[in-house]
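# Fold and geometry: a report
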Amino acid sequence: MAKRGDYFGLRYVVSLILAIIPPTAWICGAVTRFQEGCWVAGLIRLIFGWNIIWIIDLILMIISKHILRLINV
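Sequence order as written defines the numbering, with residues in each chain counted from 1. Reporting of local features is limited, given that this is a predicted model, to residues whose pLDDT is at least 70; pairs of side-chain atoms are given and counted only at 80 or more, and all residues count toward the totals for whole chains, interfaces and linings. As a rule here, side-chain values come from all non-hydrogen atoms in the structure, and water together with hydrogens is ignored.

## Examining the nonpolar core
- Here, nonpolar core means buried Ala, Val, Leu, Ile, Met, Phe, Trp, Tyr and Cys residues that are tied together by side-chain atoms lying within 4.5 Å of each other. Only protein chains enter the accessibility calculation, which uses a 1.4 Å probe; a residue whose area is less than 20% of its type maximum is buried, one above 50% is exposed, and one in between is partly exposed. Residues Y7, Y12, L16, L18, A19, A25, C28, L58, M61 and I67 constitute the largest nonpolar core, which totals 10 residues.
- Runs of H or I in DSSP of at least four residues are treated as helices and runs of E of at least two as strands, each being numbered from the N terminus. Of all elements in the fold, only α1 (12-20), α2 (22-35) and α4 (52-64) reach the threshold of two or more residues within this core.
- Among the elements that take part in this core, α1 stands out by supplying 4 residues, more than any other.
- We call two residues in contact whenever any of their non-hydrogen atoms come within 4.5 Å of each other. Non-local contacts of L18, meaning those with residues more than four positions away in its chain, are made with Y7, L10, T24, A25 and C28.

## So, the packing of aromatic side chains
- For Phe, Tyr and Trp, where Trp contributes only its six-membered ring, two rings pair if their centres lie within 6.5 Å, and the inter-plane angle classes them as stacked under 30 degrees, edge-to-face over 60, or tilted in between. Evaluated as defined, the whole model comprises 1 aromatic pair.
- A centroid spacing of 5.1 Å and a plane angle of 40° characterise the contact between F34 and W39, whose relative ring orientation is tilted.
- Classification of F34 as partly exposed rests on a relative accessible area of 21%.
- On the basis of relative accessibility, which here comes to 56%, the residue W39 falls in the exposed class.
- For a ring to carry a charge above it, either NZ of a lysine or CZ of an arginine must fall within 6 Å of the ring centroid while also lying within 35 degrees of the normal to the ring plane. Above the ring of Y12, the side-chain terminus of K65 is found at 4.6 Å from the ring centroid.

Pasting the structure below:
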């Protein structure tokens, strides 16, 4: 069985490709946090997700196969 990535339970390779492309990483990161019920984190990703959070998400997706989860509110 293939390992799962962090975006919507997709395979890791698909999630990594989505994380590499900035607009999809921005949208998928926000939607993922909204689906988890973390509304504040989702809004922060919508506002600030296009810059440093994207770079951190990309690094963490490569290393740990998960996006940044700093705020769980």
